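Coordinate inspection notes
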Amino acid sequence: NTFIRYMHPGVVNYAGGKEKLQRQMDSAFQAMKMFGVTFKRYWIGTPSAIVEYKGQLQSVLPESTIIKTPLGQVKAETNMLVISPDEGKNWWFIDTNVYRSDKLKNILPDISPQLVIPAPKKPVITMDSTSKSADQ
């Protein structure tokens, strides 16, 4: 519930509503636990300039995550579109790797054209030295 509170209402509606999104997130979390996936590190980069557009403050916030899996670790870099409808008192966060730019324009038509959302990067996988590679 806390995580969903920080998601843009348009994204929550696009995902089928709060209850459906909660079930999907719970299922993903349970699958991660079942397969031994854990978060190792998470950090936030420097946000882009904040722009005011149609009564909202908007910016792009880069972030990086390292997760540990039984086979090694995965580093994922993404960008969050951050939007405040109330002059910075509250913020909504939208992961641009999950909701790509083409979808975002349909879900959230009030995104400033000044925002530059970088192209998604592929995750970097580092195999554990004790694991066999896929081609062995």
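Keep in mind that this is a model prediction, so the values were computed, not measured. (Residues numbered from 1 in each chain as written. Predicted model: local features only at pLDDT ≥ 70, side-chain atom pairs only at ≥ 80, totals over all residues. Heavy atoms only, no water.)

**Comments concerning the pairing of strand β5 (residues 92–95)**
Side chains of β5 alternate between two faces, with Trp92 and Ile94 buried and Phe93 and Asp95 left unburied. Across four bridges, strand β4 (residues 72–84) lies against β5 in antiparallel orientation. Within β5, the residue paired with Val82 across the bridge is Phe93. (Buried < 20%, exposed > 50% of the residue type's maximum accessible area, 1.4 Å probe, protein only. Helix = DSSP H or I, 4+ residues; strand = E, 2+ residues; numbered from the N terminus. Pairing = 2+ DSSP bridges.)

**Let's talk about the confidence of the model for the protein**
When the pLDDT values of the protein are averaged, the result is 88; 94% of them are 70 or greater. Taken element by element, the protein is modelled with least confidence in helix α4 (residues 101–107), mean pLDDT 77, and with most confidence in strand β2 (residues 51–53), mean pLDDT 97. (pLDDT = per-residue confidence, 0-100.)

**Examining the nonpolar core**
In terms of nonpolar packing, the biggest core is built from 18 residues, with Val11, Leu81, Ile94, Tyr99, Leu104 and Leu108 touching the most fellow members. Counting residues per element, the ones that place at least two in this core are α2 (9–14), β4, β5 and α4. Residues contacting Ile94, with those up to four places away along its chain left out, are His8, Val11, Asn79, Met80, Leu81, Ile83, Tyr99, Leu104 and Leu108. (Core = buried A, V, L, I, M, F, W, Y, C linked by side-chain atoms within 4.5 Å. Contact = heavy atoms within 4.5 Å.)

**Considering the packing of aromatic side chains**
Applying the stated criterion across every chain, the model contains one aromatic pair. Both rings, one in Tyr6 and one in Phe93, keep their centres 6.5 Å apart while their planes meet at 65°; by these two values the pair is edge-to-face. Placement of Tyr6 in the loop between α1 (2–5) and α2 and of Phe93 in strand β5 is noted, with a sequence separation of 87 residues between them. Classification of Tyr6 by relative accessible area gives partly exposed; the value is 35%. It is Arg41 that lies over the ring of Trp43; its NZ or CZ is 4.0 Å from the centre. (Phe/Tyr/Trp six-rings, centres within 6.5 Å; stacked < 30°, edge-to-face > 60°. Lys NZ or Arg CZ within 6 Å of the ring centre and 35° of its normal.)

**Considerations on unusual backbone geometry**
Positioned with a positive phi, Lys54 is a non-glycine residue whose angle comes to about 50°. Looking at the secondary structure, you find Lys54 in the loop between β2 and β3 (56–69). Given a relative accessible area of 56%, Lys54 falls into the exposed group. Non-glycine residue Glu87 carries a positive phi angle of around 60°.

**Details of a nonpolar patch on the surface**
A cluster of nonpolar side chains, Leu71, Ile125 and Met127, forms an exposed patch at the surface whose accessible area comes to about 300 Å². In this structure, Ile125 sits in strand β6 (residues 124–127). The exposure class assigned to Ile125 is exposed, which follows from its relative accessible area of 59%. (Patch = residues over 30% accessible without salt bridge, like charges linked within 9 Å, V, L, I, M, F, W, Y side chains within 5 Å. Areas by Shrake-Rupley, 256 points an atom, 1.4 Å probe, with all protein chains shown as cover. Salt bridge = Lys/Arg side-chain N within 4 Å of Asp/Glu carboxyl O.)

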